[in-house]
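Remarks on the overall topology
Residues per chain are reported as follows:
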Amino acid sequence: MNGSRIAAVGHYQPARVLTNEDLAGMVDTSDEWITSRVGIRTRHIAGPDEPVDELAGHAAAKALAAAGLAPGDIDLVLVATSTAVDRSPNMAARVAARLGIPSPAAMDVNVVCAGFTHALATADHAVRAGASGRALVIGADKMSAVTDWSDRTTCVLVGDGAGAAVVEATNDVGIGPVLWGSVPEMGNAVRIEGTPPRFAQEGQSVYRWATTQLPPIARKACERAGLAPEDLAAVVLHQANLRIIEPLAEKLGAVNAVVARDVSESGNTSAASIPLAFSKLVEQGAISTGDPVLLFGFGGNLSYAGQVVRCP
């Protein structure tokens, strides 16, 4: 085996749905103001008794079931999150305990909104190197727990959820080479800091960076996979807001691709946004097995990571 592939995906969102009309009763905003600026209409919000590892566990269990695997078939668990409350045990260990995975390597990856694509690349490298046979890669965040619900510039953006993928060895190249990096000197443009921790960002700086600097980087991720953007069947960008997703996808030039717009329904779920949107496209039949899909995360630190994968 000299490659890896995504064998299956799964996702989970809490039952509670918060609409723009609900938010208008909480802060000075309106449905028109929110949809015109960020394209979000609803978001799912976890309750106080729904921790991040529970969201992650539900998504991971669905991915395992879709792959026809048992917990004992997994030897590496990677959880991308930036909203873990405790330092130890880490989220990956808690998810492994929830699922009954017997003795995996268990690591968290905190690259905020680009966390899942970083974790996916790490799993790909581990599998191809022979350090792992099958890995469970999860993006999960409870952004509602780090949000100031009196700040209309941020509270209208966020949602909670999780998405997961099973990565396994293959003779083919099911996960293309990652292109990753960051702009550390601009890292403060997206923050989750303080006591208690709160999400904040410099929206205009992030918007300019994402829409001007990221399109050529996303094209290079396609080049590393030996594909042109027009060869893509789907593009799953970090679901930040539609005002970033749509111009970035257009500048990328993926003219034949389905562009994930799950942000309208789910809000910005940080590390969960890419696997959540990807899993929904698979579930809906919007893409077919073997189709090339660009996954491209960006955000906190200002970090980015992207790779072309084959649809499970």
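Refer to the structure presented above.
To keep things clear, this report deals only with the structure shown in the data block. (Residues numbered from 1 in each chain as written. Predicted model: local features only at pLDDT ≥ 70, side-chain atom pairs only at ≥ 80, totals over all residues. Heavy atoms only, no water.)

Looking at the side chain of Lys280
- For Lys280, the position within the fold is in helix α11 (residues 273-284).
- For Lys280, a relative accessible area of 7% translates into the label buried.
- Polar side-chain contacts of Lys280 include one of 2.9 Å to the side chain of Gln13. (Helix = DSSP H or I, 4+ residues; strand = E, 2+ residues; numbered from the N terminus. Buried < 20%, exposed > 50% of the residue type's maximum accessible area, 1.4 Å probe, protein only. Polar contact = N/O pair within 3.5 Å; in protein donor to acceptor, adjacent residues only side chain to side chain.)

As for the sheet that holds strand β13 (residues 292-299)
- Across the sheet, five strands lie side by side as β8-β14-β13-β11-β12; this open sheet has mixed pairing. Either end of the sheet is taken by a strand with one partner, and the two such strands are β8 (179-182) and β12 (258-259).
- Relative to β12, strand β11 (residues 234-237) runs parallel, the two sharing two bridges. Of the residues in β12, the one forming a bridge with Val235 is Val259.
- Across the sheet, α11 lies against β11, β12, β13 and β14 (303-310), angled at about 150° from β11, the strand it touches most. (Pairing = 2+ DSSP bridges. Contact = heavy atoms within 4.5 Å. Axes fitted to C-alpha atoms, helices over the stretch in contact; angles between N-to-C directions.)

Brief notes about the pattern of salt bridges
- For the structure shown, the criterion picks out eleven salt bridges.
- For the salt bridge of Arg134 with Glu168, the shortest nitrogen-to-oxygen distance reads 2.9 Å. In this pair, Arg134 is assigned in strand β6 (residues 134-142) and Glu168 in strand β7 (residues 160-170), connecting sequence segments 34 residues apart.
- Here Glu246 ties to Arg261 by a salt bridge, and the two come within 3.1 Å at their closest N and O atoms. With Glu246 in helix α9 (residues 242-252) and Arg261 in the loop between β12 and α10 (263-266), the pair connects residues that are 15 residues apart, well separated along the chain.
- Sharing partners across several salt bridges, the network here consists of Arg5, Arg134 and Glu168. (Salt bridge = Lys/Arg side-chain N within 4 Å of Asp/Glu carboxyl O.)

Overview of the pairing of strand β9 (residues 190-193)
- Bridging between β9 and strand β10 (residues 198-201) involves four bridges; their strand directions are antiparallel. When the sheet's bridge partners are listed, Arg191 is paired in β10 with Ala200.
- What sits between the antiparallel neighbours β9 and β10 is a turn of four residues, in which Gly194 has the positive phi angle 100°.

Digging into the sheet that holds β6
- Spatially, β1-β7-β6-β4-β5 is the arrangement adopted by the five strands of the open sheet, whose pairing is mixed. If you trace the sheet from one side to the other, it starts and ends with β1 (3-12) and β5 (105-109), each paired once. Between one strand and the next, the sheet's axes are offset by a mean angle of 20°, whatever the strand orientation.
- As judged from the nine bridges shared by β6 and β7, these two strands associate in the antiparallel manner. Considered in β7, the bridge of Val137 is made with Ala165.
- On top of the sheet, α11 reaches β1, β6 and β7; it is set at about 90° to β1, its chief contact.

Things to note about the state of the cysteines
- Under the definition given, this model contains zero disulfides.
- We note that Cys113 lacks a disulfide partner, and the nearest cysteine sulfur, in Cys155, lies 17 Å from it.
- Classification of Cys113 as buried rests on a relative accessible area of 10%. (Disulfide = S-S within 2.5 Å.)

Looking at the environment of Pro292
- When you line up the elements, Pro292 lands in strand β13.
- Residue Pro292 is classed as buried on the basis of its relative accessible area, which comes to 10%.
- Not counting residues within four places of it along the chain, the set of residues in contact with Pro292 comprises Leu227, Asp231, Leu232, Ala233, Ala234, Val308, Val309 and Arg310.

Here's the deal with the packing of helix α3 (residues 52-67) against helix α4 (residues 91-99)
- Remark: α3 packs on α4, axes separated minimally by 9 Å, with the N-to-C direction vectors making an angle of 55°. Here α3 is positioned oblique relative to α4, judged by the angle of their axes. When you trace α3 past α4, the crossing you get is right-handed. Within the contact between the two elements, α3 uses Val52, Asp53, Glu54, Ala56, Gly57, Ala60, Ala61 and Leu64 and α4 uses Met91, Arg94, Val95, Arg98 and Leu99.
- Partitioning the contact of α3 with α4 into residue classes produces eight nonpolar, one polar and four charged. (Parallel < 35°, antiparallel > 145°, perpendicular 65-115°, else oblique. Left-handed = near helix turned anticlockwise from the far one by under 90°. Nonpolar A, V, L, I, M, F, W, Y, C, P; charged D, E, K, R; others polar.)

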